[in-house]
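Survey of secondary and tertiary structure
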Amino acid sequence: MTLRFNLLGPLQIRHSGRLVPLGAPKQRVVLAVLLLEAGRVVSLDRLTAAVWEGEPPRSAVANLRTYVNRLRDVLGGHHDRLVAHAPGYTLEVRDGESDIADFTEHARQGRAVLAGGDPRAALRHLSAALALWRGAEAEDVPRTPELSSRLAVLAEQRCLAMEDLAQARLALGEHAEMLHELRETVAEHPTRERLWGHLMLALYRTGDVAAALAAYERARTVLREGLGLEPGPDLVALQRRMLNRDPGLVPAPARRPGPSGARRVVPRMIPSPGDLVGRDREVKELTRLAGETRRPARIVLHGPGGVGKSALARHVLRLLSAGRPGGHLYADLQDVRPGAPPPDPSRVMTCFLTALGVPAERIPWDPVQAAEVLRLRIGDDAPLVLLDNALDDGQVRPLLTACDGCPVVVTSRAMLSTLEGTEHVEILPLPGDAARELLAGLCGTDRTDADPAAANRIAELCECLPRPLRAAGTRLAARREWSLAAFAGLLADERHRMDLLGNGDLPIRESIDTDYRVLLSGTGPVDSAAVELFHHLGTAQAVELTPADVARSLACDTVTASAALGRLADLRLIEPVGQARYRVGGLVRCFASEVARNGRVPGRPAARHLAPGFPEWAVLERPGERLITPGRTGRPDPERPGAASGPRSGSPPR
C-alpha cells in the first residue's frame with residue numbers, strides 16, 4: 001500500500017490513491033508541521049507554538065500526544081513512520097511520497113538547466129514543479145503565526161518557480177502567448193519586481209513599447225505605495241534599456257547548440273599595458289603568486305591613483321596568458337564620467353558571457369542566474385580575469401564567486417581587506433631612478449642627462465607616480481623649446497600644476513576627482529568630517545597631519561579627527577607615514593586648493609556653491625549649509641572660549 005502526502009493545496013494523505021480523513025483542525029496543523037520538517041525532529045515546544053496562538057492550555061502536551069496517536073491511526077499500516085524522538089516527534093517520508101519534495105527537486109533542476117542556457121529543459125522541469133500545486137499551501141489548515149511563517153517559505157519558492165518559468169518561456173519566444181498569464185500573476189503578486197520585469201519584456205518584444213514603459217511606471221507606483229521603496233537597479237536598468245532601444249532586448253533567432261567539435265571562443269579582453277618601467281620586482285612577485293597551484297590566485301593590487309596598478313596587472317596577466325587555452329577576461333569597474341554610476345556586477349557578467357560566445361538570448365538578466373551561467377561556461381578553461389579599478393569589496397565579491405576557479409587579479413585604491421582568500425600587494429610610487437627613466441623615455445634622454453637635477457625635481461613634483469610622469473613627459477616631448485628647469489619651475493607653482501599635467505587619456509585632476517566624488521557621496525558623520533578636512537587641506541597647505549592637528553583645525557575631538565583621517569587614507573587622498581601621521585601629497589593639495597578657490601572642479605558640476613558677496617575661495621559646502629573660508633570652518637574656535645559657530649545659512653555673517 002503506497003502513501004502520498006500532499007501539502008501544496010488542501011492537506012491530504014492518500015493510501016494507494018484513496019483519500020483518508022485527517023481529523024480535527026488542530027490535528028491537521030500537527031500533520032502540516034511534521035510534513036514541513038519531514039525526517040527531522042520537531043520539538044513539543046514548536047508543535048505547541050504552531051497549534052496554539054498565544055498562551056497554550058495546560059493540557060497542551062497531552063493534547064499533542066493525542067493528535068499524534070490519532071495520526072498514527074490515519075497512517076494505518078505505516079504507523080511506525082511517526083515516531084517519538086526526544087524532545088518531540090519525527091515523520092518519515094520516503095522518496096516520491098511528498099509533493100513538497102517533488103516540487104523542490106523539479107524547481108531545482110529547472111533553475112539549474114535554465115542557468116545553463118537550456119530554457120526548453122527548464123520549461124519541462126518548472127512546469128512539472130508548478131503542476132503539483134492544487135491551490136494555496138495547506139489552504140484548509142488553521143493558521144497561527146508560527147505555522148504561517150513556515151508556509152510563507154513555500155509560497156516564496158512557488159513565486160520563484162513562476163518567475164523562472166516565465167524567463168524560460170521568454171527565452172523560447174513565447175512573448176505574446178504568456179501576456180495574459182503574466183498580467184494575472186503580477187496582479188496576484190504586485191510587489192514581485194522580477195515578474196514586473198518579465199511583463200515589461202514580453203510587452204516590449206511584442207512591439208508594445210508604450211505598454212512596457214507604462215508597466216514600469218505602474219510597478220514604481222505599487223512599490224512606492226505598498227512598500228515605500230523605489231524600483232531596484234535591475235528594473236531601472238531594464239527601463240533604461242527600453243528607453244534606449246537596446247538591441248539586446250530583442251532576441252536573436254533561436255539557435256541549436258553547435259556540434260561538440262565546434263570552435264570554442266577564447267576571449268582576449270585585457271588591453272595592452274604599454275611600456276612598463278621600474279617594476280621588475282613587482283612583476284616577479286605577482287608572477288609567483290599567480291603561478292601557485294594550491295588554488296586559483298586571488299590577488300588585490302592596491303595603491304594611490306596614478307601609481308600604475310592597472311598597467312602592472314595588464315602586463316603580468318598578458319605574460320601569463322601566453323599559451324593558456326582559456327584566454328583572459330577584463331572589466332573596468334570604474335566609470336570616470338561625472339555622475340555616472342559604476343558598472344554593477346551583473347553588467348560585467350553579461351560582458352564576460354558575451355566575450356565567451358554566449359548568445360544574448362541565453363544571458364539571464366537575473367544576476368544570480370547570470371553568475372551560474374558564467375561558472376558553467378568557464379568550466380575547466382579557467383581564463384585569467386582582471387577586475388580593474390574596483391571601488392569597494394561589495395563590487396568585487398559577486399564577481400569572484402562567478403569566476404570561481406579562475407585566477408583573478410583586482411586593482412583598487414582601497415585595500416579591499418574583507419575579501420576572503422586574497423593576497424594583498426601594495427604598489428608604491430616608483431624609485432627615483434625608475435621615475436627618471438620613465439621621464440627620459442618620453443621626452444628624451446639627452447634632455448634628462450643634460451639637467452639631471454631638473455629631471456629629479458620634475459619626478460619629485462609628480463610624486464614619482466607613473467601617470468603624472470607620463471603626462472609631464474608627453475608635455476615636454478611636444479614642447480622641445482622648454483628646458484626641464486623651466487618646466488620644473490612651472491610645475492612648482494601649485495596653481496598651474498593640474499593644468500600642466502592635464503593631458504593624456506586620464507588627466508590627474510580627473511583621477512583625484514574620482515576619489516573626491518566618492519568622499520562627497522558619504523552621508524555619515526565621519527564622512528562629513530572627512531569632507532571638511534579635505535576642504536581644509538586646500539587652504540591650510542599642510543604637508544603632514546596628526547589627529548591632534550586636525551582636532552585643533554576643525555574644533556573636534558581626536559576620535560573624530562582620527563576617523564576623518566582614516567577615511568581620507570582609505571580613499572588614498574592622504575598616505576600614512578608613521579604612527580598616527582599622514583602625508584598630504586602635493587597633487588592632492590593642488591586639487592583641494594582648486595576646490596577651495598573655485599567651488600567646483602573644471603569639467604564637472606559644482607559640488608558646492610560660491611557664497612554670494614565673498615571672495616572666490618569662500619564656498620558653501622552645500623546650499624544652506626556652513627561657510628568654508630580660510631580660518632573659518634563653521635565650528636567654534638578652540639582658542640576663543642564662547643566663540644559662536646559659523647552661520648548655517650547662505651547669508652554672510654554680520
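Above this note sits the structure.
Residues numbered from 1 in each chain as written. Predicted model: local features only at pLDDT ≥ 70, side-chain atom pairs only at ≥ 80, totals over all residues. Heavy atoms only, no water.

**Digging into the overall build of the chain**
As a reminder, the rule being used: Secondary structure elements follow DSSP: runs of H or I no shorter than four residues count as helices, runs of E no shorter than two count as strands, and numbering proceeds from the N terminus. Throughout, exposure labels follow a simple rule: accessible area from a 1.4 Å probe, protein chains only, divided by the maximum for the residue type, with under 20% read as buried, over 50% as exposed, and the rest as partly exposed. Note on contacts: a residue pair qualifies if any of its non-hydrogen atoms lie within 4.5 Å across the two residues. Where accessible areas are quoted, they stem from the Shrake-Rupley method and a 1.4 Å probe; at the residue level, only the protein chains shown are allowed to cover.
The helix and strand inventory of the chain stands at 26 helices and 17 strands. Relative to its full complement of 654 residues, the chain shows a buried share of 48%. A separation threshold of at least 6 residues defines the contact pool for the chain, and within that pool the share at least 24 residues apart is 66%. Summed over all atoms, the accessible surface of the chain reaches about 30,600 Å², with 53% contributed by carbon and sulfur.

**So, unusual backbone geometry**
For the bond from alanine 86 to proline 87, the omega torsion is 10°, close enough to zero to count as cis. Structurally, proline 87 can be placed in the loop between strand E5 (82–85) and strand E6 (88–91). Backbone geometry at alanine 555 places phi at a positive 55°, although glycine is not the residue there. Mapping alanine 555 onto the fold places it in the loop between helix H24 (547–554) and helix H25 (558–570). Here arginine 572, not a glycine, exhibits a phi torsion of approximately 60°, which is positive. Relative to the elements of secondary structure, arginine 572 occurs in the loop between H25 and strand E13 (575–578).

**Considerations on the packing of aromatic side chains**
Quick reminder of the rule: Between 30 and 60 degrees the pair is tilted, below 30 it is stacked and above 60 it is edge-to-face, where a pair is any two Phe, Tyr or Trp rings, Trp via its six-membered ring, whose centres lie within 6.5 Å.
Evaluated as defined, the whole model comprises five aromatic pairs. Ring centres of phenylalanine 103 and tryptophan 133 lie 5.6 Å apart, and the angle between their planes is 85°; on these two criteria the pair is classed as edge-to-face. Taken together, the residues span a long stretch of sequence, with phenylalanine 103 in helix H4 (residues 99–115) and tryptophan 133 in the loop between helix H5 (119–131) and helix H6 (145–171) at a distance of 30 residues. Across this residue pair, the class does not change: phenylalanine 103 and tryptophan 133 are buried. Where tryptophan 482 meets phenylalanine 487, the ring centres are 5.9 Å apart and the plane angle is 25°; that geometry is what we call stacked. Judged by its relative accessible area of 22%, tryptophan 482 falls in the partly exposed class.

**A word on the environment of glycine 173**
Among the secondary structure elements, glycine 173 is positioned in the loop between H6 and helix H7 (179–188). Accessibility expressed as a relative area gives 35% for glycine 173, which makes it partly exposed. As a C-alpha pair, glycine 173 and arginine 205 span 32 residues in sequence and 8.8 Å in three-dimensional space.

**Section: helix H26 (residues 586–598)**
As a reminder, the rule being used: Helix span, as expected, comes to 1.5 Å for every residue beyond the first.
Taking 1.5 Å of rise per residue, 13 residues should cover 18 Å, and H26 covers 18 Å from first to last C-alpha, within 8% of that figure. Most of H26 is tucked away, with 11 of its 13 residues classed as buried. Considered for burial, the residues of H26 that qualify are Gly586, Leu587, Val588, Arg589, Cys590, Phe591, Ala592, Ser593, Glu594, Val595 and Ala596.

**Some thoughts on the sheet that holds strand E12 (residues 544–545)**
Basically, it comes down to this: Think of it this way: DSSP has to see at least two bridges between two strands before they count as a pair.
Within the open sheet, the three strands sit side by side as E12-E14-E13. Their pairing is antiparallel. Looking along the sheet, the strands with just one partner apiece sit at the ends: E12 and E13. Taken together, the two bridges between E12 and strand E14 (residues 581–583) define a ladder with antiparallel strand orientation. Looking across to E14, one finds that leucine 545 is bridged to tyrosine 582.

**Structural notes on the nonpolar core**
Short version of the rule: In this text, buried Ala, Val, Leu, Ile, Met, Phe, Trp, Tyr and Cys residues form a nonpolar core when linked through side-chain atoms within 4.5 Å.
Formed by 78 residues in total, the largest nonpolar core has its most connected members in Ile458 and Phe534. With sequence-adjacent residues up to four places away left out, phenylalanine 534 is seen in contact with Tyr516, Leu519, Leu568, Leu573, Val588, Phe591 and Ala592. Of all hydrophobic cores here, the second largest spans 52 residues; its members include Val29, Leu47, Leu64 and Cys159.

**Some words on the pairing of E5**
Relative to E6, E5 runs antiparallel, the two sharing four bridges. Within E6, the residue paired with leucine 82 across the bridge is leucine 91. Counting the residues that bridge the hairpin from E5 to E6 gives two residues.

**With respect to the sheet that holds strand E3 (residues 18–19)**
Strand order in the open sheet made by the three strands is E1-E2-E3, with antiparallel pairing throughout. Since the sheet does not close on itself, it has two edges, and those belong to strand E1 (3–6) and E3, each with one partner. Across two bridges, strand E2 (residues 12–15) lies against E3 in antiparallel orientation. Its bridge partner being in E3, arginine 14 is matched across the sheet by leucine 19.

**Points about the pattern of salt bridges**
Our working rule: The term salt bridge refers to a pairing of a side-chain nitrogen on Lys or Arg with a carboxyl oxygen on Asp or Glu at a separation within 4 Å.
Within the structure shown, the criterion is met by 40 salt bridges. A salt bridge links arginine 192 to glutamate 156; the nearest nitrogen and oxygen atoms lie 2.6 Å apart. Residue arginine 192 is located in the loop between H7 and helix H8 (193–205), and its partner glutamate 156 is located in helix H6; the two are separated by 36 residues in the primary sequence.

**Describing the packing of helix H11 (residues 280–290) against helix H12 (residues 309–320)**
Here is the rule: Between the N-to-C directions of two axes lies an angle of 0 to 180 degrees, each axis being a line fitted to C-alpha atoms and, for a helix, fitted only over the stretch in contact. In these notes the angle categories are as follows: under 35 degrees is roughly parallel, over 145 is roughly antiparallel, 65 to 115 is roughly perpendicular, and the rest is oblique. By definition, turning the near helix anticlockwise from the far helix through less than a right angle yields a left-handed crossing, and turning it clockwise yields a right-handed one. The nonpolar class holds Ala, Val, Leu, Ile, Met, Phe, Trp, Tyr, Cys and Pro. Asp, Glu, Lys and Arg form the charged class, and all remaining residues, Gly among them, are polar.
The geometry of H11 relative to H12 is characterised by a closest axis approach of 10 Å and an angle of 50° between their N-to-C directions. Here H12 runs oblique to H11, going by the angle between their axes. As H11 runs across H12, the sense of the crossing is right-handed. Between H11, through Glu282, Val283, Leu286, Thr287 and Ala290, and H12, the contact on the second element is made entirely by Leu312, His315, Val316, Leu319 and Leu320. Within the contact of H11 with H12, the residues separate by chemical class into seven nonpolar, two polar and one charged.

**Thoughts on H25**
Condition: Polar contacts, as counted here, are pairs of nitrogen or oxygen atoms within 3.5 Å of one another; within protein the pair requires one atom able to donate a hydrogen and one able to accept it, and residues that are adjacent in sequence qualify only if both atoms are side-chain atoms.
Compared with the 18 Å implied by 1.5 Å per residue over 13 residues, the 18 Å span of H25 between its first and last C-alpha is a close match. Looking only at H25, the buried set comprises Ala561, Ala564, Leu565, Gly566, Leu568 and Ala569. Of the surrounding elements, those touching the buried residues of H25 are helix H22 (508–521), helix H23 (525–540), E12, H24 and E14. A distance of 3.0 Å separates the backbone nitrogen of valine 559 from a side-chain oxygen at the start of H25, and that oxygen is part of aspartate 557. Within two residues after H25, arginine 572 carries a phi angle of roughly 60°, on the positive side.

**Section: the packing of helix H16 (residues 432–443) against helix H19 (residues 466–478)**
For the pair H16 and H19, interaxial distance at closest approach is 8 Å and the crossing angle is 30°. Compared by their axis directions, H16 and H19 come out roughly parallel. Crossing geometry of H16 relative to H19 is assigned as right-handed. From H16, Ala435, Leu438, Leu439, Leu442 and Cys443 reach across to H19, where they touch Pro466, Leu469, Arg470, Ala472, Gly473, Thr474, Leu476 and Ala477. The class makeup of the residues in the contact of H16 with H19 is 10 nonpolar, two polar and one charged.

**Looking at the environment of aspartate 246**
Take aspartate 246: it is sitting in the loop between helix H10 (233–243) and H11. A relative accessible area of 23% places aspartate 246 in the partly exposed class. If sequence neighbours within four positions are ignored, aspartate 246 has contacts with Tyr204 and Arg241. A polar contact of 2.7 Å, which involves the side chain of aspartate 246, links it to the side chain of arginine 241.

Note that all results are geometric; they support no functional claim without further evidence.
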